[in-house]
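Descriptive structure summary
What follows is each chain in one-letter form.
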Amino acid sequence: MVDTLGLDPARRRAQLDLARRAGLPAVAVLFDTDPAVCRRRNAQRDRGVPAAVLDGQLRRVPAALRELSLEGWDLVTRPAGAAIEPAHSPGSRRAADEQRLRPAQLGFVLQISAFGWGDDPPGWLAAVAAAAAGAGLDGIALMDHLIQIPQVARAWEPIPEPWVTLGMLAGLAPGLRLGTLVTPVTFRAPGILAKTVATLDVLTGGRAFCGIGAGWWDREHAAFGLPFPPAADRLDQLEEAIETLRALWQPGTKAYHGTRVSLPETTCYPRPVAQVPIIVGGSGERRTLRIAARLADGCNLPSGLDVLDRKLAVLREHCREAGRDPAEVAVTVQDIPVIGDDRGHAAAIVERLRGRTPAATFARRHQAGTAADHIGRYRLLAERGVSTVFVSLPDLAGPRDVLRLAPVTAAFR
């Protein structure tokens, strides 16, 4: 197969001659792409073809089509409809077809990172929660930060305290799972976190989860007067926190003496209604993934397939070293996709959000495409053993944006 513009007669003759010498059929497949689409796509490239060159190529197309019919090709054909596979997700078209034929299950949780609630925070939250339920999402997760992070928005934009906000959502979002992705162990004493999560679990009827990690942003710690110890110490705290949560959620009120933690009593009422999943966020291969393999119910990893494959191999090896079945540690990923109603809409979202980042780079980073494009990509995640995708929409402004996820969640029910 040769992917070429096909405008050079000499090059076409060479390709035709090569097929003849190899004893292969020579087929020319013509794609009729609207010139306006060509120009728009060219403008979105990091380094576009000069406009004059592109115009010359487009003017050359009709003559090339006439020449092809006289050159002796075994078949000259136009596809009835081309199924375009996103360049950032090779294999996704095959995976989407597979999902239609033999559906895999995959859970989806909306992670709310930005809060464009204007003058009506409760109303905005209620509308987004209702849209999440209507779109078939399984739950809502909130980041746990004290200052809005630069990856999402400006520092003076709102980032509410998550556990208070989740308490409100418990009454607004019946049926949805609720929790953080993720709570730094440096923010709250482990016992206080245990009490907080247990209370949320009771208020939601057993639908709470606890994402927990070692923390990473020194600025917010300094601004709020919180210690920010070295990474090794924070990872020690992560182990202590998970052990404390387990101890205070166990039945009874007896004393607890464990590996890192000793408590004179475990009187923590109300107890969680169900076993609250503890999800470790982070992908450090030497320590974080080992902690997840030994102590957690799940681990949250990046969604990029190349990175994910490496992290999964490391996580599963840590599980085996700990004498634990890797299947006991649920694999979740955080994904920040651009999902448009159509390709033009996806391109418009990219253009609005990209800032100084080249459009093609931003689109690749956020796997920009339609819901149909993402179905194949998420199937590739499910095939790797991912159970839940935490979806953080970079353009989330209100409930309408959440509803664009409905075709995706429906494909995996």
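Structural notes, computed from the coordinates. In this text, all values refer to a predicted model and were calculated from it rather than measured experimentally.

The eight strands are arranged E3-E4-E5-E6-E9-E10-E11-E14 in a closed barrel whose pairing can be described as parallel. Taking each pair of neighbouring strands and ignoring which way they run, the sheet shows an average axis angle of 25°. Relative to strand E5 (residues 177-184), strand E4 (residues 139-142) runs parallel, the two being bridged by four bridges. Bridge pairing links Gly-139 to Arg-177 in E5.

A few words now on the pairing of E4. Here E4 shows a buried face lined by Gly-139 and Ala-141 and a second buried face lined by Ile-140 and Leu-142. Each parallel crossover has a hand, and the one from strand E3 (residues 107-112) via helix H5 (residues 121-134) to E4 is right-handed.

To continue, consider unusual backbone geometry. Residue Val-182 follows Leu-181 across a cis peptide bond; omega there is -10°. Mapped onto the elements, Val-182 comes out in strand E5. The linkage connecting Tyr-269 with the following residue, Pro-270, adopts the cis geometry, with an omega of 5°. With respect to the helices and strands, Pro-270 occurs in the loop between strand E8 (262-263) and strand E9 (278-281). One non-glycine residue, Gln-367, adopts positive backbone phi at about 50°. Along the chain, the position of Gln-367 falls in the loop between helix H13 (359-365) and strand E13 (369-370). By relative accessible area, which is 12% here, Gln-367 ends up buried.

Each pair of packed helices gets described by two things: the angle between the helix axes and the distance between those axes. It is at 9 Å that the axes of helix H7 (residues 190-203) and helix H9 (residues 231-249) come closest, and there the two elements cross at 50°. Between H7 and H9, the angle falls in the class oblique. Regarding H7 and H9, the two cross each other, and that crossing is right-handed. Every residue of H9 that contacts H7 at Pro-190, Gly-191, Leu-193, Ala-194, Val-197 and Ala-198 is listed here: Ala-241, Thr-244, Leu-245, Leu-248 and Trp-249.

Another aspect to go through is helix H12 (residues 343-353). Three or more residues of H12 are buried, namely Ala-346, Ala-347, Ile-349 and Val-350. All buried residues of H12 fall inside an arc of 155° around its axis, so they share one side. Contact partners of the buried residues in H12: helix H2 (35-44), strand E12 (339-340), H13 and E13. Where H12 begins, one side-chain oxygen reaches toward the backbone nitrogen of Gly-344, 3.1 Å away; that side chain belongs to Asp-342. Following H12 by one or two positions, Gly-355 adopts a phi angle in the positive range, close to 60°.

Let us look at the pairing of strand E11 (residues 330-335). Two strands pair when backbone bridges link them, and strand E10 (residues 298-302) and E11 are joined in this way by five bridges, in the parallel orientation. Residue pairing in the sheet places Leu-301 in a bridge with Val-333 of E11. Regarding topology, helix H11 (residues 305-321) serves as the crossover connection from E10 to the parallel E11, and that connection is right-handed.

So, on to the pattern of salt bridges. What the rule picks out here adds up to 30 salt bridges. Across the pair Glu-67 and Arg-12 runs a salt bridge whose closest N-O atoms are separated by 2.7 Å. Placement of the pair is Glu-67 in helix H3 (residues 51-68) and Arg-12 in helix H1 (residues 9-22), with a sequence separation of 55 residues. For Arg-12, a relative accessible area of 3% puts it in the buried group. Between Arg-377 and Asp-335 there is a salt bridge, with its nearest N and O atoms 2.5 Å apart. With Arg-377 in helix H14 (residues 371-383) and Asp-335 in strand E11, this pair connects stretches of sequence that are 42 residues apart. Grouping residues by exposure puts Arg-377 and Asp-335 together as buried. Among the charged side chains, a network of salt bridges with common partners joins Asp-236, Glu-239, Arg-260, Arg-287 and Arg-294.

Calculation rules
The numbering scheme is per chain: residues are counted from 1 as the chain's sequence reads. Totals for whole chains, interfaces and linings use every residue, but because this is a predicted model, local features are given only for residues with pLDDT of at least 70 and side-chain atom pairs only at 80 or more, for both listing and counting. As a convention, hydrogens and water are excluded, and side-chain values are obtained from all of the structure's heavy atoms. Each pair of strands is called paired provided DSSP finds at least two bridges between the two strands. Put simply, DSSP marks the helices as runs of H or I at least four residues long and the strands as runs of E at least two long, and each gets a number from the N terminus on. Working convention: axes come from line fits to C-alpha atoms, limited for helices to the stretch in contact. Angles between N-to-C directions cover 0 to 180 degrees. Here's how the labels work: a residue is buried when its accessible area is under 20% of the maximum for its type, exposed when over 50%, partly exposed in between, all with a 1.4 Å probe on protein chains only. Note on handedness: a crossover is taken as right-handed if, strands pointing away from the viewer, the path from the first strand over the helix to the second is clockwise. For this classification, under 35 degrees means roughly parallel, over 145 means roughly antiparallel, 65 to 115 means roughly perpendicular, and everything else is oblique. Here a crossing is called left-handed whenever its near helix is offset anticlockwise from the far helix by less than a right angle, and right-handed whenever the offset is clockwise. Contact criterion: two residues are considered in contact whenever any of their non-hydrogen atoms come within 4.5 Å of each other. Read the arc as the range of directions from the helix axis to the C-beta atoms. Any N or O atom pair separated by 3.5 Å or less is treated as a polar contact, with the protein-specific requirement of one donor-capable and one acceptor-capable atom, and with residues adjacent in sequence counted only for side-chain atom pairs. For this document, the term salt bridge refers to a Lys or Arg side-chain nitrogen within 4 Å of an Asp or Glu carboxyl oxygen.

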